[in-house]
Amino acid sequence: METTSRVGAQASDAEGGQQFAVGRRTVGGYLQAPFPWYGLDEAFTGPRWLMQVGTAADGAVEHGSIGHGDEPTVRNEYVAGSADEPREKFAVVVTVAANPSRRSADGTGLLEATSVSSAAWLAGVGLLSFTWPGQIDHSLRDDWLEQQTETAWALADDLDGEEWSTLSLPVDGVPVPFHYRESEFGWVLAGSTEAGVHVGAYGRGMSAYGLGFAVVKDIAVYA
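Attention here is on the structure that accompanies the text.

### So, the overall build of the protein chain
(1) Moving on: For the protein chain, the helix and strand inventory stands at five helices and 14 strands.
(2) Moving on: For the protein chain, the residues scored as buried account for 50% of the 223 residues in total.
(3) Moving on: Partitioning the intrachain contacts of the protein chain with sequence separation of at least 6 by distance along the chain shows that 65% fall at a separation of at least 24.
(4) Moving on: Accessible area of the protein chain: about 10,500 Å², with a carbon and sulfur share of 50%.

Laid out in structure tokens, this is it:
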């Protein structure tokens with residue numbers, strides 16, 4: 001997927017092991033999207049917040065993320081939670097426009113088609129951007145993140161592989177099959193909707209099994 005993704009920028013902002021909270025974003029980029037945004041349905045009553053949008057080379061919005069629950073910080077999983085200090089509980093929903101392979105705006109090349117794998121990869125990288133393992137010094141986190149990003153891409157490209165299971169969750173009230181996997185860092189899932197978009201999600205501390213997704217009626221409420 002040939003886009004300028006701002007999702008991955010979360011990782012570079014956190015170099016050096018700094019605690020990095022998701023900053024509040026303006027709603028403008030989301031309003032420019034020609035597709036509907038998805039979030040958790042009304043059964044979720046906790047905080048909701050904007051994250052980032054990703055754009056193609058011509059500036060068109062192609063995907064974006066919105067958060068639910070605690071706003072996550074980049075943290076070491078081995079010290080992130082204890083009996084006295086539970087880990088953050090959050091779920092991030094990634095919406096990806098379902099686009100076919102098409103010419104770029106300037107006519108000089110082709111933009112790759114988007115698919116469920118695109119949503120799975122963005123969700124996988126999103127989860128990684130808030131985590132690193134305890135046995136790795138923070139100065140080596142870039143190397144670890146690069147390696148794990150390649151692994152996330154390989155997993156997303158093999159959704160029928162043994163690393164994935166199937167999980168049925170409601171989307172606009174209708175059960176939809178999702179590709180689902182768990183790791184020591186959290187969970188990732190991805191599927192498609194009838195609204196012309198693919199939906200990915202990632203989180204930790206909040207079970208994926210009880211989630212439902214729905215079209216966001218007013219994205220401004222997340223701002």
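### With respect to the environment of Trp121
(1) Moving on: For Trp121, the position within the fold is in helix α4 (residues 116-128).
(2) Moving on: C-alpha of Trp121 to C-alpha of Ala152: the two residues are 31 residues apart in sequence and 5.9 Å apart in space.
(3) Moving on: Once residues lying within four places of it in the same chain are set aside, the contact partners of Trp121 are Thr149, Ala152, Trp153 and Ala156.

### Description of the environment of Leu155
(1) Moving on: Looking at where Leu155 falls in the secondary structure, it is placed in helix α5 (residues 141-156).
(2) Moving on: Residue Leu155 is classed as buried on the basis of its relative accessible area of 18%.
(3) Moving on: Put simply, Leu155 and Ser117 are 38 residues apart on the chain and 8.7 Å apart in space, counted from C-alpha to C-alpha.
(4) Moving on: Not counting the four nearest positions on each side in its chain, Leu155 is found in contact with Glu163, Trp164 and Arg181.

### Quick look at the pairing of strand β10 (residues 165-171)
(1) Moving on: With seven bridges joining them, β10 and strand β11 (residues 174-183) adopt antiparallel strand pairing. Counted as the bridge partner of Val171 is Val174 from β11.

### Regarding unusual backbone geometry
(1) Moving on: Although it is not a glycine, Asp172 sits at a positive phi angle of roughly 55 degrees.
(2) Moving on: With respect to the helices and strands, Asp172 occurs in the loop between β10 and β11.
(3) Moving on: Residue Asp172 is classed as partly exposed on the basis of its relative accessible area of 42%.

### Side note on the pattern of salt bridges
(1) Moving on: Enumeration over the complete set of coordinates arrives at one salt bridge.
(2) Moving on: Arg204 is the salt-bridge partner of Glu88, the closest N and O atoms lying 3.1 Å from each other. Here Glu88, found in the loop between α3 (77-80) and β6 (90-97), pairs with Arg204, found in strand β13 (residues 197-204); they are 116 residues apart in sequence, far enough to count as distant. Each member of the pair, Glu88 together with Arg204, is buried.

Cut-offs and rules
Residues numbered from 1 in each chain as written. Predicted model: local features only at pLDDT ≥ 70, side-chain atom pairs only at ≥ 80, totals over all residues. Heavy atoms only, no water. Helix = DSSP H or I, 4+ residues; strand = E, 2+ residues; numbered from the N terminus. Buried < 20%, exposed > 50% of the residue type's maximum accessible area, 1.4 Å probe, protein only. Contact = heavy atoms within 4.5 Å. Areas by Shrake-Rupley, 256 points an atom, 1.4 Å probe, with all protein chains shown as cover. Pairing = 2+ DSSP bridges. Salt bridge = Lys/Arg side-chain N within 4 Å of Asp/Glu carboxyl O.

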